[in-house]
Amino acid sequence: MSNVIDGRASAAGWQTEIAGEVADLRERSGITPGLRVIIVGNDPASRSYVRRKSRVAGEVGIDGQLVELDENVTTDELLTVISGFNEDAAVHGILVQLPLPPHVDEVRVLRTIAPEKDVDGFHPVNVGGLFSARDPMDGTRLLPCTPLGCMRLIDETLGVDSLSGKEAVVIGRSNIVGKPMAALLLGANCSVSQIHSRTVDPAARCRDADIVIAAVGRPGLVDGDWIKPGAAVIDVGINRVQTPDGGKRLVGDVDFDAVAGVAGAITPVPGGVGPMTVAGLMFNTLTAARATLQSPESS
Ligand code: GUN
């Protein structure tokens, strides 16, 4: 029954569009968008994500440099690095990969990134902009990359106009995905429920939904009997699990085999939301670079 949504193909198409616009910006204004991706420490999964972000930046014509800092860097040392990039006109986007080691003050770090260079959309100014906007997808703001990528996938699959009046359930309430995702769906005129680990009978809540977004980091949580036939299911989970032969594989928060037979559309893991997050970061970096043309004093 399911239409499996190909996030790799969608991300490739989006990146081709972005590459064209980056080239156009350079031709018109001489500006090459600059991105700095900061990673603290040696977590293998985080390191692989940031390498991918930097590589894809190069592929679309963005100057995307990786900045690797020691596990023991202090909050103040990290703030000094960020302040340097805030002052650097060649840098349009700054991303600090999360999670940070526990001794680093994440709140201070995210508040130090200049809002106009905050390509993650995590600064309180950008969070406030998202939650107070009538149409948060109006193209003027920096939105968190994963929810932005999910909205694009939903738009390509269902058409964003078709979201109006639909029931959406977001499983998870993180600042990175759950909360901004709910705000974007609300902006698209969905009726949104946000459910989480304390919700009583989450399966019953999901069964009413036309769209389910799973973003909790619990492998295979969402089963086939949670889903209304024909619903769209977007799986944001990326969980490394042990296989019976002692190997490892990536699975989402959705039991793909069980849900694929019921849902109308479903994203796989890997190859669903993940590539769209990276493309969303490129889009935000382009948006931030373009904005300096409108307000050169803030570049
Ligand atoms: N860690 C997991 N997802 C993200 C993200 O979108 N941005 C950052 N900075 N860190 C993350």
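Above: the structure in question.
The rules we used
In every chain, residue numbers begin from 1 and rise along the written sequence. With pLDDT at 70 or above as the cut-off, local features in this predicted model cover only qualifying residues; side-chain atom pairs require 80 or more to be listed or tallied, and sums for whole chains, interfaces and linings still use all residues. In computing side-chain properties, one takes all heavy atoms of the structure into account and sets aside hydrogens as well as water. Under the DSSP-based scheme used, a helix requires at least four consecutive residues in state H or I and a strand at least two consecutive residues in state E, with every element numbered from the N terminus. As a reference, a globule follows 2.2 Å times the number of residues to the power 0.38, and the radius of gyration itself is taken over C-alpha atoms. Using a 1.4 Å probe, accessible areas were evaluated by the Shrake-Rupley method; residue-level cover was limited to the displayed protein chains. A residue counts as positive if it is Lys or Arg and as negative if it is Asp or Glu; His and the chain ends are not included. Here the site of a charge means atom NZ of a Lys, CZ of an Arg, CG of an Asp or CD of a Glu. In what follows, salt bridge is the name for a side-chain nitrogen of Lys or Arg lying within 4 Å of a carboxyl oxygen of Asp or Glu. Relative accessibility thresholds used throughout: buried, under 20% of the residue-type maximum; exposed, over 50%; partly exposed, between the two (1.4 Å probe, protein chains only). Any two strands are treated as partners once DSSP identifies two or more bridges connecting them. To estimate how far a helix should reach, multiply one less than its number of residues by 1.5 Å. Note on definitions: a residue-residue contact is assigned when non-hydrogen atoms from the two residues lie within 4.5 Å.

Draft legend 1. Structural context of the overall build of the chain. For the chain, the helix and strand inventory stands at 10 helices and 11 strands. Scaling as 2.2 N^0.38, a compact globule of 299 residues should have a C-alpha radius of gyration of about 19 Å, and the chain matches this with 19 Å. C-alpha extents for the chain along the principal axes are approximately 55 × 45 × 30 Å. Working note: accessible area of the chain is about 13400 Å², and carbon and sulfur atoms make up 50% of it. Both charge centroids of the chain, one from 27 positive and one from 37 negative side chains, sit 2 Å from each other.

Draft legend 2. Region of the structure containing the pattern of salt bridges. Scanning the model with the defined rule gives 10 salt bridges in all. With a closest N to O distance of 3.0 Å, Arg-55 and Glu-59 form a salt bridge. Here Arg-55 and its partner Glu-59 are both found in helix α2 (residues 44-59), four residues apart, which amounts to about one turn of the helix. Given a relative accessible area of 46%, Arg-55 falls into the partly exposed group. Of the charged contacts in the structure, one is a salt bridge between Asp-210 and Lys-228, with a shortest N-O distance of 2.8 Å.

Draft legend 3. Quick look at the sheet that holds strand β5 (residues 167-171). With respect to topology, six strands assemble into an open sheet ordered β1-β11-β8-β7-β5-β6, the strand pairing being parallel. The strands lining the two open edges of the sheet, one partner per strand, are β1 (3-4) and β6 (191-195). Bridging between β5 and strand β7 (residues 211-214) involves four bridges; their strand directions are parallel. Residue pairing across strands places Val-170 opposite Ile-213, the latter belonging to β7.

Draft legend 4. Highlighting helix α6 (residues 145-158). Relative to the 20 Å expected for 14 residues at 1.5 Å per residue, α6 spans 20 Å between its end C-alpha atoms, a close match to the ideal helical length. Elements that come into contact with the buried residues of α6 comprise α1 (7-29), α7 (178-187), β7, β8 (232-235) and α10 (273-294). Gly-159 occupies a position one or two residues after α6 and carries a positive phi of about 85°.

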